[in-house]
Amino acid sequence: MASQVFLEERDANGNFSKAYYDSYDHDVVGIPHSSAGLEKKRDSFDAKGFAGAKIIEVSADDRTRRGQYYVGKRRSTSRLLRVLQLLISVFLPTGYPDSVTSDYIDYQIYDSIQAFASSISTLLGNRAILTSVGVGDKNATSTSALFITVVQETFGRLATITFAWRFGSMLEQECKKFRFSADLVVNAGIICDCLSPYFPGNRSGKIFFLCCSAVLKAICGVMANGSKAALTQHFTNSQKGSIADVAAKDSSQETVISLLGLLAGSVLVPYINTNKEIWTMLIILITIHLFTNYRAVSSVVMDTLNRHRTNIVFAQLMDSMSPGMMESDFLNQPPVLPSVILTPRQVSNQERILEQDGVLRWGNRGAIMGIATIGTFSAVRRILPPGMSIQDLLSIFGHGSAGYVLWYETTRVRGRSSVHVTVRIALIERSDDDSQTSDLAYYGPKSSGIDTPPPYGHVDTREVRAWVHALYLARHVRALHNGSGESNSITSARDNVIRTLHLVDGLFGPTGRVIEALGIRGWDLTGGRTMIVSWSMPRMRICDSLREHDEKGKA
């Protein structure tokens with residue numbers, strides 16, 4: 001039989017071209033063995049971009065075998081792609097990767113590994129609980145086991161209610177810290193479970209450890225669920241994604257990983273019986289669990305400002321400026337260049353996961369200068385010096401136009417020459433007719449003919465301003481104390497507050513335009529979004545008269 005000529009395309013490394021497979025999948029093209037036919041086919045391949053097509057001579061009776069081989073390979077690749085597409089549609093949000101942020105997949109990979117390790121360690125804890133309540137003990141009764149379970153559930157539910165009431169408003173601000181803390185707490189609960197069988201004749205000791213475990217796991221549930229909700233909101237692309245879909249797919253991923261962990265644990269746990277084996281395996285699993293969870297939360301790049309991230313951003317901003325900037329009034333400072341503002345990813349690389357709440361730290365590695373709290377006006381008034389009136393304090397901050405008031409006190413650190421600065425802040429609620437007060441700043445680039453281009457405009461900056469003021473005030477006071485220039489007089493303290501207030505006014509005012517620079521660098525401040533103050537934080541409203549107070553109260 002006459003031989004046939006076929007063309008196949010290979011790249012520079014000798015691999016088959018995907019484009020040729022597409023053509024080959026539909027048909028095996030045979031060409032008569034003639035130079036004219038060969039050149040014609042080669043030209044057609046070159047015209048389509050398949051330069052350097054290779055000519056292969058194959059006998060006619062080999063055509064069917066080769067065709068099945070190549071077509072079969074193509075079809076197997078297609079089936080693999082279809083399986084991958086099915087898995088993506090089942091376990092990843094619709095529209096992935098456009099529907100989520102870029103840090104989503106990194107977080108999910110580490111989160112899946114930690115969930116797998118946690119499932120196995122939970123099995124060890126559950127086996128210990130069953131041993132504690134009397135499984136395998138002929139002297140134990142079902143009533144006794146039921147009593148222990150009821151006591152556990154009671155303490156666990158009370159812990160859930162108490163912790164949610166006390167810390168629920170803080171979960172969104174510090175979602176990364178609480179997400180990691182949740183795993184610290186649940187591992188402590190598993191350790192309590194594994195300790196409970198060591199008190200076989202001591203019922204009180206057994207119940208104590210089981211109740212501690214129930215409380216810790218309940219606290220973990222509140223922290224994990226609250227922080228996951230905040231992370232889900234962060235991961236979801238507001239334009240192309242759905243929060244409900246991202247949350248549902250996260251639940252599907254966790255279900256599958258937990259199931260795989262349970263299956264693996266069911267095979268592994270029966271072979272772990274001695275105390276040495278149990279604690280060795282538990283330590284290994286807890287280490288994997290905590291390490292991968294730390295990597296998971298560290299990979300998250302939050303684009304909103306909380307207290308810790310504000311410290312990092314504005315400390316770096318001040319360090320990038322001239323050394324004497326803290327001593328100047330800053331009111332005539334030129335606009336802040338966006339290049340001196342750290343991006344959310346740069347801040348994420350410096351962020352401390354377990355940073356103490358409310359500390360005033362200069363940057364990431366600087367020493368703690370003090371602590372600031374945002375609360376009621378009475379807390380600020382309590383630390384005012386005896387010779388200073390409320391009217392004097394309000395006059396410093398423009399009778400409420402700044403959007404906040406603050407004051408500070410210093411205490412000497414025991415064993416050190418430095419001082420610890422405590423700053424109390426009270427927010428002032430802005431009236432509807434105060435739309436042009438100084439606690440508003442422009443956010444976003446201006447364009448010709450448009451005063452407020454959507455989705456930007458004027459945003460409420462008083463929370464950020466207040467925290468930055470507290471940070472710069474603590475820095476200024478400590479610098480004066482180290483230079484032996486600090487005085488405890490009211491005049492000196494007033495001057496410190498006013499000087500740093502001018503510094504903040506210059507940054508956030510029409511000349512500094514730091515809010516615009518933050519927006520350019522990727523920080524989300526639309527709608528005044530910050531994570532510095534919880535929504536339940538009280539605000540103060542200044543009234544000129546009792547009549548105005550009554551009118552606003554009725555409104």
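Okay, so let's go over this structure.

What counts and how
- Residues numbered from 1 in each chain as written.
- Predicted model: local features only at pLDDT ≥ 70, side-chain atom pairs only at ≥ 80, totals over all residues.
- Heavy atoms only, no water.
- Helix = DSSP H or I, 4+ residues; strand = E, 2+ residues; numbered from the N terminus.
- Buried < 20%, exposed > 50% of the residue type's maximum accessible area, 1.4 Å probe, protein only.
- Contact = heavy atoms within 4.5 Å.
- Areas by Shrake-Rupley, 256 points an atom, 1.4 Å probe, with all protein chains shown as cover.
- Axes fitted to C-alpha atoms, helices over the stretch in contact; angles between N-to-C directions.
- Parallel < 35°, antiparallel > 145°, perpendicular 65-115°, else oblique.
- Left-handed = near helix turned anticlockwise from the far one by under 90°.
- Nonpolar A, V, L, I, M, F, W, Y, C, P; charged D, E, K, R; others polar.
- Pairing = 2+ DSSP bridges.
- Polar contact = N/O pair within 3.5 Å; in protein donor to acceptor, adjacent residues only side chain to side chain.
- Salt bridge = Lys/Arg side-chain N within 4 Å of Asp/Glu carboxyl O.
- Phe/Tyr/Trp six-rings, centres within 6.5 Å; stacked < 30°, edge-to-face > 60°.
- Lys NZ or Arg CZ within 6 Å of the ring centre and 35° of its normal.
- Patch = residues over 30% accessible without salt bridge, like charges linked within 9 Å, V, L, I, M, F, W, Y side chains within 5 Å.
- Core = buried A, V, L, I, M, F, W, Y, C linked by side-chain atoms within 4.5 Å.

A short note on the overall build of the protein chain
(1) Moving on: Scanning the protein chain from N- to C-terminus turns up 17 helices and nine strands.
(2) Moving on: Residues classed as buried in the protein chain amount to 45% of the 555 residues present.
(3) Moving on: Long-range contacts, defined as pairs at least 24 residues apart, comprise 76% of the intrachain contacts of the protein chain with a sequence gap of at least 6.
(4) Moving on: Here the protein chain displays about 28700 Å² of accessible surface, and carbon together with sulfur accounts for 57% of that area.

Here's the deal with the packing of helix α4 (residues 104-132) against helix α6 (residues 175-195)
(1) Moving on: The interhelical angle for the contact between α4 and α6, taken along N-to-C directions, is 20°, at an axis separation of 8 Å. Between α4 and α6, the angle falls in the class roughly parallel. Where α4 crosses over α6, the handedness of that crossing is left-handed. On the side of α4, the interface is formed by Y107, D111, Q114, S121, T122, L124, G125, A128 and I129, while α6 contributes R179, D183, I190, D193 and C194.
(2) Moving on: Grouping the constituent residues of the contact of α4 with α6 by class yields six nonpolar, four polar and four charged.

Side note on the pairing of strand β4 (residues 368-375)
(1) Moving on: In this structure, strand β3 (residues 359-361) lies alongside β4, joined through three bridges in antiparallel fashion. When the bridges of β4 are listed, V359 appears paired with I371.
(2) Moving on: Turn length for the β3-β4 hairpin, with the two strands adjacent in sequence and antiparallel, is six residues, and the turn residue G363 shows positive phi of about 80°.
(3) Moving on: Where β4 meets strand β6 (residues 419-428), six bridges bridge the pair, whose relative direction is parallel. Residue pairing in the sheet places A372 in a bridge with V423 of β6.

Details of the side chain of R361
(1) Moving on: Its place among the elements puts R361 in strand β3.
(2) Moving on: Exposure remark for R361: the relative accessible area of 9% places this residue in the buried category.
(3) Moving on: Within the structure, R361 has its side chain in polar contact with the side chain of E355 (distance 2.9 Å).
(4) Moving on: Excluding its chain neighbours within four sequence positions, the residues that come into contact with R361 are N311, R352, E355, G366, A367, I368, M369 and L471.

Comments concerning the side chain of S99
(1) Moving on: Summarising the element assignment, S99 is placed in the loop between α3 (63-91) and α4.
(2) Moving on: By relative accessible area, S99 is classed as buried at 1%.
(3) Moving on: Among the polar contacts made by the side chain of S99, one reaches the main-chain carbonyl oxygen of T94 at a distance of 2.9 Å.

Quick look at the pattern of salt bridges
(1) Moving on: As enumerated under the stated definition, the model contains eleven salt bridges in all.
(2) Moving on: A salt bridge links K217 to D193; its shortest N-O distance comes to 2.5 Å. Separated by 24 residues along the polypeptide, K217 in helix α7 (residues 203-235) and D193 in helix α6 bring together distant segments of the chain.
(3) Moving on: On the basis of relative accessibility, which here comes to 0%, the residue D193 falls in the buried class.
(4) Moving on: Ionic pairing is found between E351 and R309, a salt bridge with its closest N-O pair at 2.7 Å. Taken together, the positions of E351 in the loop between α11 (344-350) and β3 and R309 in helix α10 (residues 307-319) put the pair 42 residues apart, joining distant regions of the chain.
(5) Moving on: On the basis of relative accessible area, E351 is assigned to the buried category, the value being 11%.

A few points about the packing of aromatic side chains
Geometry of an aromatic ring pair is reported as the spacing of the ring centres plus the angle between the planes.
(1) Moving on: Going through the model one piece at a time under the given rule, you end up with eleven aromatic pairs.
(2) Moving on: Centre to centre, the rings of Y107 and F235 are 5.2 Å apart; their planes meet at 45°, and the pair counts as tilted. Residue Y107 is located in helix α4, and its partner F235 is located in helix α7; the two are separated by 128 residues in the primary sequence.
(3) Moving on: With a relative accessible area of 3%, Y107 lands in the buried category.
(4) Moving on: Put simply, the rings of Y96, Y104, Y107 and F235 pair up and form one aromatic cluster.
(5) Moving on: Stacked on the ring of F178, the Lys or Arg K177 has its end atom at 5.7 Å from the ring centre.

What to know about a nonpolar patch on the surface
(1) Moving on: Taken together, the side chains of L80, L81, V83, L84 and L87 define a hydrophobic patch exposed on the protein surface, amounting to about 430 Å² of accessible area.
(2) Moving on: With respect to the element layout, L80 can be found in helix α3.

Comments concerning the nonpolar core
The tendency in soluble globular proteins is for nonpolar side chains to be buried side by side.
(1) Moving on: Counting residues in each nonpolar core, the largest one holds 63 residues, and the members touching the most others are F314, F397, Y404, W407, I425 and Y472.
(2) Moving on: For F314, the residues in contact, after removing those within four places along its chain, are V464, V468, L471, Y472, L507, F508, V514 and L518.

Here we look at the environment of V423
(1) Moving on: Its place among the elements puts V423 in strand β6.
(2) Moving on: Separated by 48 residues in the primary sequence, V423 and L471 have C-alpha atoms spaced 9.0 Å apart.
(3) Moving on: Contacts of V423, omitting those with residues within four sequence positions, involve L360, I371, A372, T373, L406, W407, Y408 and A470.

Taken by themselves, the reported measurements are silent on function.
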